Protein chains: 2
Amino acid sequence: MELDIRKKKILQAIIKNYLETGEPVGSRTISKYTDLELSAATIRNEMADLEEMGYIFQPHTSAGRIPTDAGYRLYVDDMLESRTEELQKESERLHARSEELERREEELLSSEGSIDDRVGHIESVLKDVVKMLAANTNYTSVVSMPQTGRNRLKFVQLTKIDEDKLLCTVVLEGNIVKNEMIRIKEEIDQQMLLRLNLLLNSTLNGLTLQEINFDMAARTAEQAEQYGSLVSEIINHIAATIGSADGIEIFTSGARNIFRYPELSDSMRAGELISTLEEKELLTELMSDEETEDGNRSTGIQVYIGQETSLSSMKDCSMITATYEFEKGVYGKIGIIGPKRMDYEKVVDALNNVTDSLDRKFGKGKK
Amino acid sequence: MELDIRKKKILQAIIKNYLETGEPVGSRTISKYTDLELSAATIRNEMADLEEMGYIFQPHTSAGRIPTDAGYRLYVDDMLESRTEELQKESERLHARSEELERREEELLSSEGSIDDRVGHIESVLKDVVKMLAANTNYTSVVSMPQTGRNRLKFVQLTKIDEDKLLCTVVLEGNIVKNEMIRIKEEIDQQMLLRLNLLLNSTLNGLTLQEINFDMAARTAEQAEQYGSLVSEIINHIAATIGSADGIEIFTSGARNIFRYPELSDSMRAGELISTLEEKELLTELMSDEETEDGNRSTGIQVYIGQETSLSSMKDCSMITATYEFEKGVYGKIGIIGPKRMDYEKVVDALNNVTDSLDRKFGKGKK
DNA sequence: TGTTAGCACTCTGTTAACATGAGTGCTAAC
DNA sequence: GTTAGCACTCATGTTAACAGAGTGCTAACA
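Residues numbered from 1 in each chain as written. Chains lettered and ligands numbered in written order. Predicted model: local features only at pLDDT ≥ 70, side-chain atom pairs only at ≥ 80, totals over all residues. Heavy atoms only, no water.

1. A word on the interface of chain B and chain A
Phase 1 of the analysis: Each partner contributes residues to the interface: chain B has 47 residues there, and chain A has 47 residues.
Phase 2 of the analysis: For the pair chain B and chain A, the summed buried surface comes to about 4,100 Å²; carbon and sulfur atoms form 55% of the total.
Phase 3 of the analysis: Run the count over chain B and chain A and you get 2 salt bridges.
Phase 4 of the analysis: For the pair chain B and chain A, the number of links is 11 residue pairs in polar contact (both at pLDDT 80 or more).
Phase 5 of the analysis: Secondary-structure elements contributing two or more residues to the side of chain B that touches chain A are β4 (153-162), β5 (165-172), β6 (176-183), α10 (228-246), β7 (250-253) and α11 (267-279) of chain B. (Contact = heavy atoms within 4.5 Å. Buried area = accessible area lost by both parts, 1.4 Å probe. Salt bridge = Lys/Arg side-chain N within 4 Å of Asp/Glu carboxyl O. Polar contact = N/O pair within 3.5 Å; in protein donor to acceptor, adjacent residues only side chain to side chain. Helix = DSSP H or I, 4+ residues; strand = E, 2+ residues; numbered from the N terminus.)

Structure, rendered in structure tokens:
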């Protein structure tokens, strides 16, 4: 069987209607809803075909039709295609369309000082953005802090805080900073500290977690004379620190929006969803900046429908993510989680706007 | 009317029964449940009295009775009293009783190195603890990072990271560390950086946020000669950093446990609760380490029943918090949120155990 | 005077029967 | 290929009946 234009139009009409109402949609509705001027009976025949092709299904005999994941997929792909075309042709119009949204974002993001304060405040900026996004879309939204690709060490520094405490500051490429307080057994003098700092920096600079191994820790420790054991422990700590930076930090907002959608809000489903949002580890996979080279990568928009996320807790959800650039080569992701019948179009627009703003604010230099 | 022993026993029986079943409890049940050997009719009379006194109420005519907040209060206060007595008399038994619980905690908390790694890992330790607590109690649990009382500045350090970036590391009393990346307009040499560090430390050391005002920023800036404007901006950043440290960091776990309790799990209520758990700001008040000097302060256990939290989202919940000591004088709180009919006794025990473990691990030196 | 048995009354939750309405598939006619 | 008509199915909502649990009250009892 072939998916001709008419079938596609009907499918689109079904989906659009279902997105709006959330109710199974019947042939009569479509007959009136579209400009196809077809009777309900005809539509019924076409719908039977569409069902056979796997794009729609009936929740029970004698109910209207609901899109399947495949149906959504088709719809979304079409939408994304026309969206990117549109984007290329007249990106301004896109902005104008959600003008109000953007105005609010601008307001939120613009607050300049004579020092560029962008780096220190990412966390709060992202929290604000994710909050606003959730409030504007009525879906749950999620953002990940920028992730350094390989987490190369850029700079280490030990500082004496108390007689028995050293502060170990680790800066990774992409200017991710981590601290660790280390308690030491015997006091250490400033002179020695300076030497240790030099030693650590010269040895560890530019290395990734994988490259800091037992062997080199031992060799470095040797050079530190009587502080050998201390140094090797410090290196362990540094490795652990880098490792912990590998865990992506994620913020969520608008979890309660789940309850707006009956298909997600029964105890079981909602509980599972809330869990994954709270524990965040499970979201890591979805929010990590993996390198896929499919067509949509250009706009950075990625759509996961139902099972496509491979998280069982999200089998009734869709998720849309977009990538923003923090520093050159350092990306983070921002996403929206909603019911499968979410307003994909609106969400894609909203995410595009947000990432534009973030890119302007952070990455690609302000306009 | 007087609350004699018999009435108290009946009230206790009602509450105990309600905690177990979650159903309104009737006179017949009590007549059998207690060792008072009274007929249902008698109990009914007493219950009418208890209702008049405001300790119990009927959800509707011809239903059993449910405790009011006042009823719970009475019950909890009695329980806490006997608990602390018991604690003083034979604290070992208490430990033995929840032996299994404690074993798990110990396992979780004990992992020693030759460097004392306690400081760097609080965050992960607390996350583990809160997770375990939620899993063991089947309630939602919450923990706050240690809060420095007044957030005095202990140490500042500027470090050059790139030509145009300084890393500003701020250490507050209680060894809370904060970083901020500052982008500067013109490069600065090491010599000058050293001087700025000295200047900043000598000026700001020991100050709280309140004490860092515009006036002194100006005076300090003067001393920095051509870097005056830079210094005053840096001071602003430092102030902001301290300010942000005032915001308590809170982790939650087991939010989904809300759905175990029907009285919390309808969309409205659950949504509101999830929101306050997600946004955390609202919890700040409850989790901040204010100095009350009521009796229960000794054990650090605090119980909020229903409206007592003053959060409307938690009007159907109870919350129990306990205080743990991180460093001398630096406390954090750990708490449990559940339905009003939660198992107060079990939760108090669990919290006592957890804070004991944390104190042993962090504060009062390992045993 | 405190306690108890008995009884009428109230409210909830469940079940069954029934009507309604939306939607389908199929057939026959256009 | 399209449409009108019709019988059939299924979910939903309403109503009535009924059992069960619990109360308050009264009268009897120790």
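2. Re the sheet that holds β5(B)
All names here are of chain B.
Phase 1 of the analysis: Spatially, β4-β5-β6 is the arrangement adopted by the 3 strands of the open sheet, whose pairing is antiparallel. With one partner strand each, in any of the chains shown, β4 and β6 form the two edges of the open sheet. Across the sheet, the mean angle from the axis of one strand to that of its neighbour is 20°, orientation sign disregarded.
Phase 2 of the analysis: In terms of strand pairing, β5 meets β6 through 8 bridges, oriented antiparallel. (Pairing = 2+ DSSP bridges. Axes fitted to C-alpha atoms, helices over the stretch in contact; angles between N-to-C directions.)

3. Considering the protein's contact with DNA strand C
Phase 1 of the analysis: Near DNA strand C, the surroundings consist of 19 residues, among which A:Ser27, B:Arg6, B:Ser39, B:Thr42 and B:Ser62 are the closest.
Phase 2 of the analysis: Between A:Ser27 and DNA strand C, the recorded distance is 2.6 Å, taken from a side-chain N or O atom to a phosphate oxygen.
Phase 3 of the analysis: One of the side-chain N or O atoms of B:Arg44 is found 3.3 Å from a base oxygen in DNA strand C.
Phase 4 of the analysis: For the surface near DNA strand C, the elements supplying multiple residues, two or more each, are α3 (40-53) of chain A together with α3 (40-52) of chain B.
Phase 5 of the analysis: Here the surface near DNA strand C takes 4 residues from α3(B), the largest share from any one element.
Phase 6 of the analysis: Here the residues of the surface near DNA strand C sort into 4 nonpolar, 11 polar and 4 charged. (Near = heavy atom within 4 Å. Nonpolar A, V, L, I, M, F, W, Y, C, P; charged D, E, K, R; others polar.)

4. Side note on the nonpolar core
Phase 1 of the analysis: In terms of nonpolar packing, the biggest core is built from 145 residues, with A:Tyr344 and B:Tyr344 touching the most fellow members.
Phase 2 of the analysis: Discounting chain neighbours no more than four positions away, the residues touching A:Tyr344 are A:Tyr72, A:Tyr75, A:Val76, A:Met79, A:Val303, A:Ile305, A:Ser318 and A:Ile320. (Core = buried A, V, L, I, M, F, W, Y, C linked by side-chain atoms within 4.5 Å. Buried < 20%, exposed > 50% of the residue type's maximum accessible area, 1.4 Å probe, protein only.)

5. As for the relation of the copies chain B and chain A
Phase 1 of the analysis: Rotating chain B by 180° and moving it 0.0 Å along the rotation axis overlays it on chain A with an RMSD of 0.1 Å. Taken together, the turn and the small shift mark the pair as related by a two-fold rotation axis.
Phase 2 of the analysis: The fraction of interface residues of chain B whose copies in chain A are also interface residues reaches 100%, indicating that both copies meet through the same surface. (Least-squares fit on C-alpha atoms with pLDDT ≥ 70 in both.)

6. Some remarks on the pairing of strand β10 (residues 330-339) of chain A
Residue and element names in this part refer to chain A.
Phase 1 of the analysis: Extensive coverage of β10 is indicated by the burial of 9 of its 10 residues.
Phase 2 of the analysis: Relative to β10, strand β3 (residues 140-144) is paired through 4 bridges, and the arrangement is antiparallel. Looking at the pairing, Ser141 lines up with Ile336 of β10.
Phase 3 of the analysis: Sheet topology places strand β9 (residues 317-327) next to β10; 10 bridges connect them, and they run antiparallel.

7. Describing helix α9 (residues 214-223) of chain A
Residue and element names in this part refer to chain A.
Phase 1 of the analysis: Of the residues making up α9, those classed as buried are Met216, Ala217, Thr220 and Ala221. Burial along α9 is one-sided: seen end-on, the buried residues are contained in an arc of 140°. Away from its buried face by more than 90 degrees, α9 exposes Phe214, Asp215 and Glu222.
Phase 2 of the analysis: Positive phi appears at Glu225, one or two residues downstream of α9, with a value of about 55°. (Arc of directions from axis to C-beta.)

8. Overview of the pairing of β3(A)
All names here are of chain A.
Phase 1 of the analysis: Where burial is concerned, most of β3 is hidden: 5 out of the 5 residues are buried.
Phase 2 of the analysis: The two faces of β3 match: Thr140, Val142 and Ser144 on one face and Ser141 and Val143 on the other face are all buried.
Phase 3 of the analysis: Where β3 and strand β7 (residues 250-253) come together, 4 bridges link them in antiparallel fashion. Residue pairing in the sheet places Val143 in a bridge with Phe251 of β7.

9. What to know about the packing of aromatic side chains
Phase 1 of the analysis: In this structure the tally under the stated criterion is 5 aromatic pairs over all chains.
Phase 2 of the analysis: Between the aromatic rings of A:Phe259 and B:Phe259, the centroid separation amounts to 6.2 Å while the plane-to-plane angle is 35°, which identifies the pairing as tilted. With A:Phe259 in the loop between β7 and α11 (267-279) and B:Phe259 in the loop between β7 and α11, this residue pair bridges two chains. This pair shows no difference in class: A:Phe259 is buried, exactly as B:Phe259 is. (Phe/Tyr/Trp six-rings, centres within 6.5 Å; stacked < 30°, edge-to-face > 60°.)

10. Description of the environment of A:Thr137
All names here are of chain A.
Phase 1 of the analysis: In this structure, Thr137 sits in helix α7 (residues 122-137).
Phase 2 of the analysis: Assessed through its relative accessible area of 3%, Thr137 is described here as buried.
Phase 3 of the analysis: Each residue touching Thr137, except ones within four places of it in the same chain, is listed here: Tyr261, Ile336, Lys346 and Ala350.
Phase 4 of the analysis: Within the structure, Thr137 has its side chain in polar contact with the backbone oxygen of Leu133 (distance 2.8 Å).
Phase 5 of the analysis: Here the side chain of Thr137 touches Tyr139 through a polar contact of 3.2 Å, landing on its backbone nitrogen.

11. A few points about the sheet that holds β7(B)
All names here are of chain B.
Phase 1 of the analysis: Across the sheet, which stays open at both edges, the 5 strands sit in the order β7-β3-β10-β9-β8 with antiparallel pairing between neighbours. Edge positions in the sheet fall to β7 and β8 (302-305), since each of these pairs with one other strand and no more. Here the average twist between neighbouring strands, direction ignored, is 20°.

12. A word on the protein's contact with DNA strand D
Phase 1 of the analysis: As a structural note, the neighbourhood of DNA strand D is formed by 20 residues, with A:Arg6, A:Thr42, A:Ser62, B:Ser27 and B:Arg65 the closest of them.
Phase 2 of the analysis: Each atom of DNA strand D within 4 Å of the protein belongs either to a base or to sugar and phosphate, the latter forming 77%.
Phase 3 of the analysis: Here a base oxygen of DNA strand D and a side-chain polar atom of A:Arg44 are 3.4 Å apart.
Phase 4 of the analysis: Contributing elements (two or more residues each) for the surface near DNA strand D: α3 of chain A together with α3 of chain B.
Phase 5 of the analysis: Among the elements that make up the surface near DNA strand D, the one with the highest residue count is α3(A) (4 residues).
Phase 6 of the analysis: Considered class by class, the residues forming the surface near DNA strand D number 4 nonpolar, 11 polar and 5 charged.

13. Side note on the side chain of A:Glu46
Phase 1 of the analysis: By secondary structure assignment, the location of A:Glu46 is in helix α3.
Phase 2 of the analysis: Judged by relative accessible area, A:Glu46 falls into the buried class, the value being 6%.

14. Here we look at the environment of B:Glu325
Phase 1 of the analysis: Looking at the element boundaries, B:Glu325 is found in strand β9 (residues 317-327).
Phase 2 of the analysis: Along the primary structure B:Glu325 and B:Leu200 are separated by 125 residues, whereas in three dimensions their C-alpha atoms are 31 Å apart.

15. Description of the pattern of salt bridges
A side chain of one charge can pair with a side chain of the opposite charge if their charged atoms are brought near each other.
Residue and element names in this part refer to chain B.
Phase 1 of the analysis: Considering all chains together, one arrives at 35 salt bridges over all chains under this definition.
Phase 2 of the analysis: A salt bridge links Asp78 to Lys8, with the shortest nitrogen-to-oxygen separation between them at 3.6 Å. Here Asp78 is found in helix α4 (residues 69-89), whereas its partner Lys8 is found in helix α1 (residues 5-21), with 70 residues between them in sequence.
Phase 3 of the analysis: Here Lys127 makes a salt bridge to Glu123, at a shortest N to O gap of 3.3 Å. Placement of the pair is Lys127 and Glu123 together in helix α7 (residues 122-137), with a separation of 4 residues, close to one helical turn.

16. Notes on the packing of helix α1 (residues 5-21) of chain A against α3(A)
Residue and element names in this part refer to chain A.
Phase 1 of the analysis: Axis separation between α1 and α3 bottoms out at 10 Å; the angle between their running directions is 90°. One way to sum up the angle between α1 and α3 is to call them roughly perpendicular. Packed against α1, whose contacting residues are Arg6, Lys7, Ile10, Leu11 and Ile14, the element α3 presents Thr42, Ile43, Glu46, Met47, Asp49, Leu50 and Met53 at the interface.
Phase 2 of the analysis: Partitioning the contact of α1 with α3 into residue classes produces 7 nonpolar, 1 polar and 4 charged. (Parallel < 35°, antiparallel > 145°, perpendicular 65-115°, else oblique.)

Just distances and angles here, no functional claims.
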